[in-house]
Amino acid sequence: MDVSSRYRESWEGYWRETSDAPGEAIWDCDPSLGSAPHSELLLPYADATLPLVDLGCGNGTQTRYLATRFARAIGVDLSHAAIEHARRADTTGAAEFEQLNLVDHDAVRALHERTGDTNVYMRAVLHQSDPQDRPAVAAAVAELIGSRGRAFVAELTPASQAVLRGAVEGPGGPPRKLRRIFDHGLKPAGVTDEEVPELLRAAGLEILADGDTALPQTEHLSDGTRIDLPARWFVLAGR
């Protein structure tokens, strides 16, 4: 099974045209606003001596932080260009990075066979995936954590659409970083409130804890307000 060529090329094109500057990708927030508070939600349930896999790691900003909280951090992404960004940015070799298609069950299983059960960090991946691929993405989380690992998953809620619509319709149109998302055919906030927990449970995952949050972006509205997208987080275990 594979993702569509359109989806793959959208992400390759996006990352090829993204500079190495921190924050150039709209979701590339400082870890103090992302993986740091998320780690505090995950760690009470997780064994930090297990490796952690960051699914959809992009340029690896969050992965490098997670390497300071877990015994080993591995960032994976569908895009080769994103992995190249991540490796260039990781000047101290804090983490490991590799290309991985989460919809490719054999490739996901091979990673699990190499690492054993891991913890998982996944931020805003399901909502960007094509609808037919979302069950396989959720199944990848379950495969990687096995029986010993735990997962932290955060996904945008439909309320994000109103925030994005306000940014698009503001004076001057969409801010530059948001416009780049649309230019590459990427569709944020594409899942319903009910769909995410249903996908997770259908994959055999147990929800240990959940709550509302916001995912801070690196772009601002015309009045200078930072774009924060409403989201929901889940801490998960295998069944």
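Look up a bit, the structure's there.
Scope of this entry: the structure provided in the associated data block. (Residues numbered from 1 in each chain as written. Predicted model: local features only at pLDDT ≥ 70, side-chain atom pairs only at ≥ 80, totals over all residues. Heavy atoms only, no water.)

## Description of the overall build of the protein
And step 1. Of regular secondary structure, the protein possesses nine helices and seven strands.
And step 2. Here the C-alpha atoms of the protein give a radius of gyration of 17 Å, agreeing with the 18 Å that 2.2 N^0.38 yields for 239 residues.
And step 3. A burial count over the protein gives 54% of its 239 residues as buried.
And step 4. Restricting to contacts in the protein with at least 6 residues of sequence separation, those with at least 24 account for 70%. (Helix = DSSP H or I, 4+ residues; strand = E, 2+ residues; numbered from the N terminus. Rg over C-alpha atoms; globule rule 2.2 N^0.38 Å. Buried < 20%, exposed > 50% of the residue type's maximum accessible area, 1.4 Å probe, protein only. Contact = heavy atoms within 4.5 Å.)

## Observations regarding empty space enclosed by the protein
To locate leftover empty space, one rolls a probe as large as a water molecule over the atoms.
And step 1. If you walk through the whole model with that rule in mind, you get one cavity of 30 Å³ or more.
And step 2. Space inside the largest cavity adds up to approximately 630 Å³.
And step 3. Looking at the largest cavity, it is lined by 40 residues, and the ones nearest its centre are W11, G56, A124, V125 and Q128.
And step 4. Only helix 1 (5–16), strand 1 (52–55), helix 3 (61–66), strand 2 (73–77), strand 4 (119–123), helix 8 (176–183), strand 6 (205–220) and strand 7 (226–238) provide two or more residues apiece to the lining of the largest cavity.
And step 5. Per-element tally for the lining of the largest cavity: the top contributor is helix 1, with three residues.
And step 6. A per-class count over the lining of the largest cavity returns 25 nonpolar, 10 polar and five charged. (1 Å grid on protein atoms, 1.4 Å probe; cavity = no way out; pocket = protein on both sides within 12 Å on 5 of 7 lines; lining within 4 Å. Points joined across faces, edges and corners; volume = space filled by probe spheres on them. Nonpolar A, V, L, I, M, F, W, Y, C, P; charged D, E, K, R; others polar.)

## Examining the environment of L42
And step 1. With respect to the helices and strands, L42 occurs in helix 2 (residues 35–42).
And step 2. For L42 and V153, which are 111 residues apart along the polypeptide, the C-alpha to C-alpha distance reads 9.6 Å.
And step 3. Discounting chain neighbours no more than four positions away, the residues touching L42 are L52, F70, V120, R150, A151, F152 and V235.

## Concerning the packing of helix 5 (residues 105–115) against helix 6 (residues 134–145)
And step 1. Where helix 5 meets helix 6, the closest approach of the two axes is 9 Å, and the angle between their N-to-C directions is 20 degrees. Classed by the angle they form, the pair helix 5 and helix 6 counts as roughly parallel. Here the hand of the crossing between helix 5 and helix 6 comes out right-handed. Residue-level contacts link H105, V108, R109, L111 and H112 of helix 5 to A140, E143 and L144 of helix 6.
And step 2. Each residue belonging to the contact of helix 5 with helix 6 can be placed in one class, and the counts come to four nonpolar, two polar and two charged. (Axes fitted to C-alpha atoms, helices over the stretch in contact; angles between N-to-C directions. Parallel < 35°, antiparallel > 145°, perpendicular 65-115°, else oblique. Left-handed = near helix turned anticlockwise from the far one by under 90°.)

## A look at the sheet that holds strand 3 (residues 96–99)
And step 1. In space, the seven strands of this open sheet follow the order 3-2-1-4-5-7-6, with mixed pairing throughout. Whereas interior strands pair on both sides, the edge strands pair on one side only; in this sheet they are strand 3 and strand 6. For this sheet the average axis-to-axis angle between neighbouring strands, irrespective of direction, equals 20 degrees.
And step 2. Judged from the four bridges that link them, strand 1 and strand 4 form a sheet pairing that is parallel. Across the sheet, V53 pairs through a bridge with V120, a residue of strand 4.
And step 3. Against the sheet, helix 2 makes contact with strand 1, strand 4, strand 5 (150–156), strand 6 and strand 7, and its axis sits at roughly 130 degrees relative to strand 5, the strand it touches most. (Pairing = 2+ DSSP bridges.)

## Side note on the pattern of salt bridges
And step 1. Counted by the stated rule, this structure contains 12 salt bridges.
And step 2. Between R114 and E98 there is a salt bridge whose closest N-O contact spans 2.8 Å. Residue R114 is located in helix 5, and its partner E98 is located in strand 3; the two are separated by 16 residues in the primary sequence.
And step 3. On the basis of relative accessible area, E98 is assigned to the partly exposed category, the value being 24%.
And step 4. A network of salt bridges, in which partner residues are shared, links D210, D212 and R232. (Salt bridge = Lys/Arg side-chain N within 4 Å of Asp/Glu carboxyl O.)

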